[in-house]
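Working through the structure, step by step
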Number of protein chains: 2
Amino acid sequence: MQPIGVFDSGLGGLTVVRALTEELPGESVVYLGDTARLPYGTKGAETVVRYSRLSARFLLRHDIKMLLVACNTASAYALETLQGEAAVPVLGAVEPGASEAVAASRAGRVGVIGTLGTVRSGSYVRAIAALDPHVKVTTLACPLFVPLAEEGWLGGADGDGDLEGRAATAIAERYLGELRAREPELDVIVLGCTHYPLLRPLLARVAEGLWRRPVALVDSAGAMARAAERELARLGLLALPAGPRAPGEALHCFLTDEARFAELGARFLGHPLERVERVDLPAT
Amino acid sequence: MQPIGVFDSGLGGLTVVRALTEELPGESVVYLGDTARLPYGTKGAETVVRYSRLSARFLLRHDIKMLLVACNTASAYALETLQGEAAVPVLGAVEPGASEAVAASRAGRVGVIGTLGTVRSGSYVRAIAALDPHVKVTTLACPLFVPLAEEGWLGGADGDGDLEGRAATAIAERYLGELRAREPELDVIVLGCTHYPLLRPLLARVAEGLWRRPVALVDSAGAMARAAERELARLGLLALPAGPRAPGEALHCFLTDEARFAELGARFLGHPLERVERVDLPAT
């Protein structure tokens with residue numbers, strides 16, 4: 001009955017927790033959001049590796065059975081280090097989504113949307129090339145999607161009646177329109193950022209309008225949860241649901257800074273955070 | 001003929017440089033953008049003071065006659081420290097805009113828009129209260145405006161023909177609509193972020209549509225340039241234009257990281273950066 005550990009530079013990784021608790025209702029999660037030092041995307045490799053090792057060490061002290069690195073930048077820079085050092089399985093943010101995208105694409109053409117940092121790192125291009133060098137990958141940075149998700153202007157599947165919906169729709173049409181202009185033949189789009197699952201209904205609606213044929217949206221948070229499930233099943237470590245649980249039992253959340261966590265956390269998680277502690281990580 | 005020193009956590013402070021070179025065509029500027037460590041808004045006071053002193057020390061070694069702190073967070077946390085330590089006048093990012101807003105408002109009701117960090121710091125509320133405690137200040141964080149300006153989706157004064165314009169217009173209508181709902185009587189809005197001068201035509205158009213009477217937009221970058229001009233004139237230090245100058249003579253730009261600087265820098269400055277060097281600042 002050990003918990004799964006999840007860390008991210010901020011609160012976005014709670015979309016991974018949400019997917020985990022939906023796919024694996026018997027599991028408990030310990031979450032660490034290094035909100036005092038976000039974003040990682042603008043920091044150098046050495047710094048990101050240092051921060052990631054500190055986060056991993058903190059979670060390992062909570063007796064976790066598996067570590068999920070929900071931050072794309074930490075995955076790109078620190079995954080191999082963490083896998084070499086931790087005594088438990090370590091899953092990154094990129095490989096699960098890349099793997100589902102390759103499996104889902106019949107055309108062999110995949111689009112990846114993410115932050116400027118994720119796109120610049122080339123991590124999805126490398127991960128997909130390692131899985132299947134024949135798949136053509138088109139990446140596009142969408143800098144307005146993170147603040148859009150954080151503001152909760154989600155557009156939704158039903159249209160764009162109000163100003164927030166109109167803004168969200170125009171932004172999504174602008175970005176996915178550029179992706180379509182660059183790769184009209186793609187049939188899979190990877191949502192390569194932990195914030196993007198909130199925008200999924202909006203993106204599905206806009207993609208349908210643009211391509212007028214099925215385009216699969218692969219959500220990297222859901223893909224991580226499914227990869228964790230497979231790995232835990234393989235190791236015989238899956239926890240089965242054992243009846244109702246007390247509030248805060250399924251998720252224990254640690255943050256290095258508490259600004260704005262309640263509203264954002266609930267948005268990413270799908271319900272309010274019940275058990276949150278502030279924690280100081282050492283600098284080195 | 002000493003230069004003016006300007007520092008910011010990123011490239012946004014180039015809107016202050018642009019205003020300076022428009023108001024004071026005889027001056028030279030040395031600019032430092034601490035792009036490797038941005039944003040400052042999520043960092044603690046002690047860290048911001050340390051970074052600000054390092055930036056100030058770097059610029060003072062370039063024999064500047066005045067120091068402008070274009071970063072709101074650095075102004076909020078480090079201005080007094082820098083004013084106490086530097087042998088040249090030091091101007092912050094908040095007081096000049098606050099002062100112009102108080103002078104411009106007949107209704108005694110001022111709106112301030114900025115980043116989440118600037119709004120949360122309360123720096124404009126304090127600065128305006130110090131100037132005139134009877135002025136009522138309504139602040140609103142507009143997290144989508146910075147990525148909007150960085151993407152160059154500026155909407156503009158002419159309307160919203162394309163998707164970028166439609167997105168920009170809907171975002172501006174949403175934010176300024178909330179500001180109007182909270183304070184319909186305001187007659188001045190401070191653009192309290194160095195990125196916002198790029199959005200000025202859009203914001204002017206949307207404000208006119210919402211209020212249907214004149215609402216003055218006080219741009220904090222322009223206000224800083226005007227405050228610098230007054231202070232230099234008072235000290236007899238104004239440099240008068242002395243004929244055409246060689247490329248790179250009017251502005252020497254230093255950045256601590258060079259990612260994406262060319263496109264963004266040109267957008268904020270109004271023309272391409274001619275003389276850019278990467279520089280490493282010490283950690284302490």
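Notes on the structure in this doc start here.

Cut-offs and rules
Residues numbered from 1 in each chain as written. Chains lettered and ligands numbered in written order. Predicted model: local features only at pLDDT ≥ 70, side-chain atom pairs only at ≥ 80, totals over all residues. Heavy atoms only, no water. Helix = DSSP H or I, 4+ residues; strand = E, 2+ residues; numbered from the N terminus. Rg over C-alpha atoms; globule rule 2.2 N^0.38 Å. Buried < 20%, exposed > 50% of the residue type's maximum accessible area, 1.4 Å probe, protein only. Contact = heavy atoms within 4.5 Å. Areas by Shrake-Rupley, 256 points an atom, 1.4 Å probe, with all protein chains shown as cover. Lys, Arg positive; Asp, Glu negative; His and termini not counted. Charge placed at Lys NZ, Arg CZ, Asp CG, Glu CD. Phe/Tyr/Trp six-rings, centres within 6.5 Å; stacked < 30°, edge-to-face > 60°. Buried area = accessible area lost by both parts, 1.4 Å probe. Salt bridge = Lys/Arg side-chain N within 4 Å of Asp/Glu carboxyl O. Polar contact = N/O pair within 3.5 Å; in protein donor to acceptor, adjacent residues only side chain to side chain. Nonpolar A, V, L, I, M, F, W, Y, C, P; charged D, E, K, R; others polar. Least-squares fit on C-alpha atoms with pLDDT ≥ 70 in both. Arc of directions from axis to C-beta.

**Points about the overall build of chain A**
Scanning chain A from terminus to terminus reveals 11 helices and 10 strands. Here the C-alpha atoms of chain A give a radius of gyration of 18 Å, agreeing with the 19 Å that 2.2 N^0.38 yields for 284 residues. If one aligns the C-alpha atoms of chain A with their principal axes, the spans along those axes are about 50 × 45 × 40 Å. Relative to its full complement of 284 residues, chain A shows a buried share of 55%. Across chain A, every contact between residues at least 6 apart in sequence was considered, and the portion connecting residues at least 24 apart equals 78%. Total accessible area computed for chain A in this model is approximately 11600 Å², and 51% of it derives from carbon and sulfur atoms. Taken together, the 29 basic and 34 acidic charged side chains of chain A have centroids lying 4 Å from each other.

**Considering the packing of aromatic side chains**
Within a pair of aromatic rings, the relevant descriptors are the distance that separates the centres and the angle that separates the planes. Residue and element names in this part refer to chain A. Per the counting criterion, the structure on display carries 10 aromatic pairs over all chains. An angle of 75° between the planes, with centres 5.1 Å apart, marks the rings of Phe145 and Tyr175 as edge-to-face. Within this pair, whereas Phe145 is found in helix H7 (residues 145-151), its partner Tyr175 is found in helix H8 (residues 163-182), the two being separated by 30 residues in sequence. With respect to burial, Phe145 and Tyr175 carry one shared label: buried.

**Describing the interface of chain B and chain A**
Counting residues at the interface gives 23 residues for chain B, matched by 23 residues for chain A. With both chains or domains summed, chain B and chain A bury close to 2100 Å², and 67% of this area falls on carbon and sulfur atoms. Here chain B is connected to chain A by four salt bridges. Taken together, the connections running from chain B to chain A amount to six residue pairs in polar contact (both at pLDDT 80 or more). Residue assignment for the side of chain B that touches chain A shows that the elements contributing at least two residues are helix H5 (116-121), helix H7 (145-151) and helix H8 (163-182) of chain B. Top element by residues in the side of chain B that touches chain A is H8 of chain B. It accounts for nine residues. Split by residue class, the side of chain B that touches chain A holds 15 nonpolar, one polar and seven charged.

**Regarding the relation of the copies chain B and chain A**
With an RMSD of 0.0 Å, chain B superimposes on chain A once it is rotated by 180° and translated 0.0 Å along the axis. What the superposition gives is, in effect, a two-fold axis relating one chain to the other. The position closest to the rotation axis in chain B is occupied by the C-alpha of Ala167 of chain B, lying 2.4 Å away. Of all interface residues in chain B, 100% are interface residues in chain A too; the two copies therefore contact each other through one and the same surface.

**As for helix H11 (residues 261-269) of chain A**
All names here are of chain A. Listing the buried residues of H11 in full gives Phe261, Leu264, Gly265, Phe268 and Leu269. Viewed along the axis of H11, the buried residues span an arc of 120°, placing them on a single side of the element. Its buried side turned inward, H11 meets helix H1 (14-23), H7, strand S9 (251-255) and strand S10 (276-278). Gly270 lies just past H11 and shows a positive phi near 95°.

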